[in-house]
Every structure is written in structure tokens, then in C-alpha cells.
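Architecture at a glance
So you can see what is in the structure, the chains are spelled out below.
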Amino acid sequence: MKQPPGRFADRRRVFGINKLPETKLKSIWELVWIAYNDKVLILLSIAAVVSLAVGIPQSLQGTGVEWVEGAAIIVAIVVVVIVGAANDWQKERQFAKLNQKKEDRYVKVIRSGKRMEVSTYDIMVGDVMCLEPGDIIPVDGILIDGQGVKCDESSVTGESDLLRKNPSHKVCRAVEQNEDPKKMDPFIISGSKVEEGAGTFLVTATGVHSTYGRTMMSLRDESEITPLQVKLNLLADYIAKIGLTSGLILFVVLFIKFLVRLRNIQGGAEVKGQAFLRIFIVAVTVVVVAVPEGLPLAVTLALAFATTRMIQDNNLVRLLRACETMGNATTICSDKTGTLTENKMSVVAATLGTTSRFDEQSSSNDAASTPGPGTLSASEFVSTLSPSIKNHLLRSIVLNSTAFESDHDGATTFIGSKTETALLSFAREQLGLGPVSEERANAKIVQMLPFDSRRKCMAVVVQMDCGKYRMLVKGAAEILLRQSARVVQHATDGLAEAPLSEDNRTALDTIITNYASRSLRCIALVHRDFEKWPPLETPTPETNGEMTDFEPIFKNMTMLGIFGIQDPVREGVPDAVRQCQHAGVLVRMVTGDNIVTAKAIAQQCGIYTPGGIAIEGPEFRQLTHGRMNELIPSLQIIARSSPDDKKILVDQLKKLGETVAVTGDGTNDARALKIADVGFAMGVTGTEVAKEASDIIIMDDNFASIVKAIAWGRTVNDAVKKFLQVKSP
């Protein structure tokens with residue numbers, strides 16, 4: 001719906017539009033100038049000018065080849081500049097194509113009391129925007145009203161858990177009543193994703209003033225010079241000082257000798273002038289010869305070749321000299337969510353009854369997680385279950401869930417909380433789940449009891465074919481175990497139940513403790529059958545006699561099983577970390593997750609080792625510089641970190657002389673990616689902000705590709721060293 005052109009002109013003028021200023025790509029001539037601004041090239045240019053100034057007059061009077069050396073130096077400079085500029089021009093265009101925005105999308109807003117659809121670019125401060133599951137939020141705001149709104153802010157803050165949003169009036173009421181508002185969050189952050197619930201929020205910031213916009217604009221500063229540039233500049237300074245000093249000393253000595261022999265020189269002023277010119281040419285020759293004219297060409301060609309080959313290894317190098325930096329890297333600061341892990345919760349362990357179980361974490365360093373002799377893989381585990389157990393398990397997962405299916409880029413995905421989508425993915429992959437909507441439509445659902453944070457569970461009541469009613473409950477394992485009085489006896493034989501003995505209760509409690517110690521999210525499935533619904537002598541709400549209160553009947557449950565859910569480590573990450581450590585590169589984890597989860601994942605990756613230090617962000621940022629310097633050599637994990645913590649760590653490591661690489665995929669990683677010596681962004685799951693801040697983009701999101709980048713970086717360094725050895729006298 002279009003608005004009159006000038007109706008909201010003042011609002012747009014004051015608060016701006018929801019669009020960032022376009023980044024102008026550098027022209028080929030700008031890149032040529034940047035490539036030429038190198039101390040070694042400038043020194044070579046001076047040498048070439050002097051060589052030509054001396055050589056051309058000689059050539060006119062002599063053999064005619066004295067100008068060749070100066071011309072050769074100029075040709076080398078031109079080749080270096082053209083190759084460097086062309087490579088950067090090509091990579092910049094490749095990045096622009098990779099990061100090209102998708103087609104403009106439309107969102108629902110309420111403006112001037114009317115509901116309408118507008119482009120994300122046309123959203124203004126003061127609009128009331130509607131939230132629905134699956135929405136990527138384009139602006140900042142404050143929640144006005146909503147039911148069960150939960151947002152995934154992992155790409156913005158690094159927090160992998162969904163964050164519940166509270167309407168602003170409830171937060172204000174809590175403040176007025178002197179209640180603790182710490183756990184109440186009314187703020188909607190641009191770049192986050194709505195996973196559950198629906199509501200409306202007031203837009204408070206757009207464009208460059210939003211969280212997303214401020215982060216993007218902060219990344220448009222010029223990058224610092226790389227370690228190779230530092231070394232080459234230092235070499236140029238040494239060459240200039242030593243060459244000029246040597247040439248000057250030689251000139252003074254030869255000039256004194258010339259003055260002493262001046263009276264004996266026959267032939268008049270012209271002959272004496274020619275003798276002086278020869279002295280000057282010898283001194284200039286010493287200076288020119290001291291400059292390794294082939295060094296910039298060797299470095300540029302080595303870098304260009306390496307960056308071309310790195311594309312084949314799924315590393316898109318945005319800046320030509322970034323690849324050599326990895327050859328000097330001494331430490332890697334890596335994000336957890338989406339970088340070391342898949343950022344997709346999945347079922348990695350389960351126990352049905354007290355005997356059937358599977359565990360797919362056999363590679364963990366934690367002894368407690370090592371599968372026992374009776375442990376199976378997920379597919380083997382499911383194949384041993386009886387048909388009645390499979391059917392009951394499938395219904396317990398599908399019917400007792402608020403997640404739903406959605407088509408995204410031609411693929412069907414589940415939208416909802418990460419716990420529910422993990423269970424649904426397990427049901428689809430292992431239990432043969434078809435369309436979720438079809439499964440729910442075929443069930444006779446009598447009552448749904450939504451998730452309650454106080455009781456840590458949710459439930460659904462279904463009518464079975466036999467006429468009885470079954471209440472399926474899903475929630476925190478330790479709470480559901482306390483409410484259970486029976487347990488499924490043998491999952492391989494059917495739904496036969498047995499009283500939950502103390503031994504069985506202890507065994508299940510041990511399993512829960514084991515899962516929790518490995519930072520698995522423990523979810524239990526329990527049920528209870530009723531002859532009729534609502535059950536007799538159970539209080540019901542006055543408004544609906546067919547419904548019943550949950551608490552009075554939440555007891556004497558039958559335990560079906562316990563599931564361990566986790567964001568799994570990416571395939572190949574432990575091997576890549578091991579190779580980095582063997583190469584002398586220390587890998588550190590910096591994450592927004594809690595310290596227990598961070599330690600568990602770091603142990604699986606091989607990052608957290610005996611003697612290593614794990615610390616939380618608030619504690620880290622309060623350390624003195626002296627204490628921080630003492631801690632950093634053994635520091636392996638920073639949990640509950642903020643973007644400032646990552647920046648502080650990178651700054652401190654660089655001050656200690658480390659060459660720092662930072663990997664990440666989220667907006668929260670951008671500042672650290674930008675100030676690091678080299679920043680790696682994930683090409684598939686990485687946000688636009690992270691890619692903009694990076695030097696190298698990992699096209700396949702595989703942490704193992706970093707090892708290949710290190711190998712190519714060291715290859716470039718070796719090539720430069722060998723060239724200098726050959727050129728050395």
C-alpha cells in the first residue's frame with residue numbers, strides 16, 4: 001500500500017529510512033593506487049628514476065644499454081601493481097556477488113491505525129510491526145503485545161537458547177512494583193529471528209540507527225596492515241638506510257680519492273667531469289643493487305597463486321595479503337554456535353524404559369559419555385523397538401508440539417523451538433514421520449496444555465481408538481521423573497508397564513545426571529491413561545466443562561524415556577583443531593553460551609584440555625591488564641561473552657605479540673573479525689555483517705578449511721624466504 005509522498009517526510013528526515021548507504025566498490029584505479037602505496041615499491045621507484053637519470057645520458061654516449069636496469073625495475077613495479085590490483089578487484093566483485101541481497105521482502109505493519117504490507121526499506125520509526133514465527137526482524141523495537149514470543153538471537157548475541165520476550169507494560173509494572181526485571185526482556189533486536197509466538201512491537205530504530213545498522217557501519221573503516229606488510233616495510237626501511245649509508249660512504253671515499261688525483265687528470269674539464277660522473281654512477285649502482293627489485297613481484301605472484309588455489313579449498317580470500325597472515329597465525333579465537341557446532345539442535349542420546357538406549361557421542365573426551373556395551377546407534381536403536389512403542393513415541397513427539405513445517409529454499413524445515421524441532425527431526429529421520437499436519441489432523445486432540453516455565457513441561461490429551469484418553473507430557477526430565485510412578489518395562493516388547501522401583505528411579509536419575517554433565521538438554525516423555533475426560537473429581541474451569549486443570553492430574557505418570565539433545569559439533573572439527581595444535585596454533589573458544597555447555601563442547605572439539613582455563617565474560621572484563629596477561633597463555637574458553645569481551649581478548653593478544661585469527665558467523669562476531677589480523681566468516685550460515693567484516697570467507701562453513709588456509713599461508717611465507725635466500729649475497 002503506497003502512502004502520499006510527503007505525508008511522513010518529517011519522520012523520515014528525523015529518524016532516517018531503513019536502508020544503509022550503499023558501499024561504493026573501489027575502482028580499478030583506486031586499487032592500483034592502494035597496491036602502489038608500498039614502501040618497497042616506492043623505494044624501487046626512486047631507484048628506477050635515479051638509474052634512468054644516470055643511465056640514459058650514458059646510453060646516448062656509450063653502448064646504449066645502460067638504461068635497461070632502470071626500465072626493468074619499472075616493468076617489475078608495473079607487473080606487481082597490476083597483478084595485485086586485478087586480484088583485489090576480482091575478489092571484491094566475487095564478494096559483492098556472494099553477499100548480494102535477496103529480493104526485497106514485505107512485512108505487515110500498522111500505520112496511522114491501518115494494517116498494511118510495506119517493503120522492509122519503507123519501515124519507519126513509530127510503525128507498529130507484526131511478528132510471526134519465522135520472521136527475520138529488520139528493525140529494533142519494543143514489544144507492545146504478544147503471546148509466547150521467543151526469538152533466536154544467536155547470530156546477534158551468541159546466545160543459543162531462545163529468549164522469551166515480555167510486553168513492555170508488564171516490564172513497567174514490575175519496575176513500579178519494585179520487582180526484579182532482570183529476566184524480563186521487552187527489546188526486539190534487528191537481525192534476530194522469531195521462532196515462537198506472535199505479537200506486535202513498536203519500531204524505535206531503523207537503518208544506520210538500528211543494532212544491525214550500527215554494526216554494519218562500524219565495519220567500514222580501513223583495515224590495518226598485515227604482518228607481511230609490516231615485515232616488508234621494515235625490510236624497505238633497512239634497505240634504504242643501509243643502501244644509502246653504504247652508497248654515501250663509498251661516494252665520500254671515491255670523491256676524496258678524486259680530489260687527491262684531480263691535478264693528475266689530463267684532458268681538461270670534460271675529462272674531469274666524466275671522472276666525477278663515473279664516481280657518482282658507482283655510488284648510485286650500490287644503492288640500486290641493494291634493492292631486491294624482484295621481491296614485490298615474487299610476493300605478489302605467490303599470493304595471487306595461493307588465493308586462486310584457496311578458492312578450490314573453499315576459502316574465498318577478499319584481500320590478497322590476508323592468506324599470508326594465516327601463515328603467521330599463532331592463535332585462533334573461534335565462536336561456538338554455527339562455527340564449531342551446526343547451530344541445529346539434534347537428538348544425540350536417548351533411553352527408553354531402563355534398558356534400550358543409544359548414544360552418538362562416542363568420540364567425546366568425557367569418559368562418562370562413552371557408550372556402554374548395550375548402547376546402539378540411533379538407527380540400530382529404533383530397529384529394536386516394537387511397533388507399538390514406535391507409534392507411541394511418534395505420537396508423543398508430533399502431537400505434543402507447537403512447531404510446524406515450512407518450505408524454505410525448496411526444502412522442508414521445521415519452525416519452532418530448537419528442542420521441538422530436534423525431536424521432530426529425529427521422528428522424521430528415524431521413525432518415518434510424514435507430513436506433520438496430516439499426523440495431527442488424524443488424531444483426536446481433546447485438550448492442549450501449553451508450555452509453562454513454572455512447571456517446565458507441556459501436555460496434550462488425545463482420545464484413543466479404544467475410547468480411552470491418554471495425556472502425553474513432555475518437559476524437563478528431572479521434574480517429570482519426580483511425577484512418575486511407573487515405567488515402560490521393555491521397549492522391545494511393547495507398552496507393558498511396571499512399577500517404578502527405587503533401583504529404576506536411581507538408574508534413570510543417574511542417566512539424567514550423566515546427560516546433564518555432558519551439557520545435553522534432558523527432555524523426558526511420560527504419559528497417563530484415563531477412562532474419561534475430564535477425569536472424575538477433577539476441577540474444571542467455569543468457562544469450559546470439557547477442559548481440566550493440569551496440576552491435580554500431573555502425578556502417577558508412566559515414564560517412556562529420556563532424550564539428550566545438543567547442538568552437535570561439526571564433522572571434522574576435532575581433527576582440524578588437532579592439526580592446528582600440532583602446527584603450533586592455539587585454538588580458543590569465545591561463546592555467548594553458559595560455561596557448562598562451553599566446556600562440554602570444547603572438550604569434544606579438543607580445545608579444552610587439562611590445565612586450561614575457562615572463564616565467564618563478566619569476570620574476564622573486570623581483570624586488570626596484569627592479571628589478564630598472566631591468564632591469557634592458559635586461557636581456552638570465554639563463556640557468556642559479549643562482543644566487547646571478544647574485542648578485548650583480540651586486542652590483548654595482539655599486544656602480547658600474537659598473530660590472531662578470529663572465526664565467526666554471527667553479527668556478534670563482527671567487531672572481533674574486523675580488528676583481528678585475519679577474520680574468517682562462514683559463507684553459508686554467516687550473516688551479511690560477519691562477511692562484511694571478514695578477510696576470508698569459508699564457503700563450505702567447515703572449520704577444517706582453516707587448516708588449509710594456514711598451510712597456504714605458510715607456503716607463501718616459505719616462498720618469500722627462499723627468494724630472499726637466493727637474492728642474498
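Residues numbered from 1 in each chain as written. Predicted model: local features only at pLDDT ≥ 70, side-chain atom pairs only at ≥ 80, totals over all residues. Heavy atoms only, no water.

1. Brief notes about the overall build of the protein
The helix and strand tally for the protein stands at 26 helices and 26 strands. In the protein, which comprises 729 residues, the proportion classed as buried is 48%. By sequence separation, contacts in the protein at least 24 residues apart represent 68% of the contacts at least 6 residues apart. Summed over all atoms, the accessible surface of the protein reaches about 34,800 Å², with 56% contributed by carbon and sulfur. (Helix = DSSP H or I, 4+ residues; strand = E, 2+ residues; numbered from the N terminus. Buried < 20%, exposed > 50% of the residue type's maximum accessible area, 1.4 Å probe, protein only. Contact = heavy atoms within 4.5 Å. Areas by Shrake-Rupley, 256 points an atom, 1.4 Å probe, with all protein chains shown as cover.)

2. Some words on the packing of helix α14 (residues 387-398) against helix α15 (residues 418-431)
Packing of α14 against α15 brings their axes to within 9 Å, and their N-to-C directions diverge by 150 degrees. Judged by the angle between their axes, α14 and α15 are roughly antiparallel. The way α14 lies across α15 gives a crossing that is left-handed. Touching Lys390, Leu393, Leu394, Ile397 and Val398 of α14 are Leu423, Leu424, Phe426, Ala427 and Leu431, all from α15. Looking at the contact of α14 with α15 residue by residue, the class counts come to nine nonpolar, no polar and one charged. (Axes fitted to C-alpha atoms, helices over the stretch in contact; angles between N-to-C directions. Parallel < 35°, antiparallel > 145°, perpendicular 65-115°, else oblique. Left-handed = near helix turned anticlockwise from the far one by under 90°. Nonpolar A, V, L, I, M, F, W, Y, C, P; charged D, E, K, R; others polar.)

3. Focus: unusual backbone geometry
The backbone phi angle of Asn556 is positive, close to 55 degrees, even though this residue is not glycine. Along the chain, Asn556 turns up in the loop between β19 (521-530) and β20 (557-566). According to the relative accessible area criterion, Asn556 is partly exposed, its value standing at 46%.

4. So, the packing of aromatic side chains
Counted by the stated rule, this structure contains seven aromatic pairs. Plain terms: the ring middles of Phe251 and Phe255 are 5.8 Å apart, the flat faces sit at 10 degrees to each other, and that makes the pair stacked. Of this pair, Phe251 and Phe255 both sit in helix α8 (residues 227-260), four residues apart, which is roughly one turn of that helix. For Phe251, a relative accessible area of 21% translates into the label partly exposed. With 5.4 Å between their ring centres and 75 degrees between their planes, Phe530 and Trp533 make a pair best called edge-to-face. (Phe/Tyr/Trp six-rings, centres within 6.5 Å; stacked < 30°, edge-to-face > 60°.)

5. Notes on the nonpolar core
Membership of the largest hydrophobic core comes to 43 residues, with the highest contact counts inside it found for Met326, Ile607, Phe680, Ile696, Phe703 and Ile706. If you tally residues by element for this core, the top one is helix α26 (residues 705-727), at seven residues. In this structure, Ile706 is in contact with Met326, Ile332, Thr663, Phe680 and Ile698, ignoring residues within four places of it in sequence. Counting 32 residues, the second largest nonpolar core, distinct from the first, contains Ala459, Leu480, Cys522 and Val526. (Core = buried A, V, L, I, M, F, W, Y, C linked by side-chain atoms within 4.5 Å.)

6. Examining empty space enclosed by the protein
Evaluation of the coordinates by the stated rule reveals two cavities of 30 Å³ or more. Taken as a whole, the largest cavity holds about 60 Å³ of empty space. Cys333, Ser334, Asp335, Val590, Lys646, Leu649, Val650, Val662, Thr663, Asp669 and Ala672 are the residues that line the largest cavity. Mapped by element, the contributors of at least two residues to the lining of the largest cavity are β9 (331-334), α23 (643-655) and β24 (660-664). It is α23 that contributes the most residues to the lining of the largest cavity, three residues altogether. For the lining of the largest cavity, the class distribution of residues is six nonpolar, two polar and three charged. (1 Å grid on protein atoms, 1.4 Å probe; cavity = no way out; pocket = protein on both sides within 12 Å on 5 of 7 lines; lining within 4 Å. Points joined across faces, edges and corners; volume = space filled by probe spheres on them.)

7. Considering the pattern of salt bridges
Tallying each qualifying case throughout the model produces 18 salt bridges. The residue Arg470 makes a salt bridge to Asp529 at a minimum N-O spacing of 2.7 Å. Taken together, the residues span a long stretch of sequence, with Arg470 in strand β16 (residues 469-476) and Asp529 in strand β19 at a distance of 59 residues. When its relative accessible area of 14% is taken as the criterion, Arg470 is described as buried. We classify Asp529 as partly exposed; its relative accessible area is 33%. (Salt bridge = Lys/Arg side-chain N within 4 Å of Asp/Glu carboxyl O.)

8. Considerations on the environment of Cys130
Checked against the element boundaries, Cys130 lands in strand β3 (residues 128-131). Ignoring anything within four residues of it in the chain, the contact list for Cys130 reads Lys108, Arg115, Asp135, Gly199 and Thr200.

9. Quick look at the sheet that holds strand β22 (residues 613-616)
Ordered in space as β8-β26-β25-β24-β9-β21-β23-β22, the eight strands form an open sheet in which the pairing is mixed. Sheet topology places β8 (315-317) and β22 at the edges, where each strand pairs with a single neighbour. Neighbour-to-neighbour, the strand axes of the sheet open up by a mean angle of 20 degrees, direction not taken into account. Pairing analysis gives four bridges linking β22 to strand β23 (residues 635-639), with the strands arranged parallel. Following the sheet pairing, Ile615 is matched in β23 by Ile638. (Pairing = 2+ DSSP bridges.)

10. Brief notes about α14
Here α14 is 12 residues long and its end C-alpha atoms lie 16 Å apart, about the 16 Å a rise of 1.5 Å per residue gives. Restricting attention to buried positions, one finds in α14 the residues Ile389, His392, Leu393, Leu394, Ser396, Ile397 and Val398. (Expected span 1.5 Å × (residues − 1).)

11. Some words on the side chain of Thr597
Turning to its location among the elements, Thr597 is positioned in helix α20 (residues 595-605). Beyond its immediate chain neighbours, meaning those up to four positions away, Thr597 contacts Lys336 and Ser519.

12. A word on the confidence of the model for the protein
In this model, the protein carries a mean pLDDT of 80, and residues with pLDDT of at least 70 account for 83%. Predicted confidence for residues 362-374 stays below pLDDT 50, and this span has 17 contacts to residues more than four positions away or in other chains. (pLDDT = per-residue confidence, 0-100.)

13. What to know about α20
Burial within α20 is extensive, with eight of its 11 residues counted as buried. In this structure, the buried side of α20 is in contact with α12 (336-340), β20, α19 (573-582), β21 (586-590), β22 and β23. Positive phi shows up at Gly606, right after α20, with a value of about 90 degrees.

14. Examining a nonpolar patch on the surface
The grouping of Leu248, Val252, Ile256 and Val260 at the surface amounts to a nonpolar patch, some 380 Å² of accessible area in total. On the secondary structure map, Leu248 appears in helix α8. (Patch = residues over 30% accessible without salt bridge, like charges linked within 9 Å, V, L, I, M, F, W, Y side chains within 5 Å.)

15. Brief notes about the environment of Val109
Locating Val109 in the fold gives a position in strand β1 (residues 106-111). Distance in space between the C-alpha atoms of Val109 and Met129 is 4.2 Å, their sequence separation being 20 residues.

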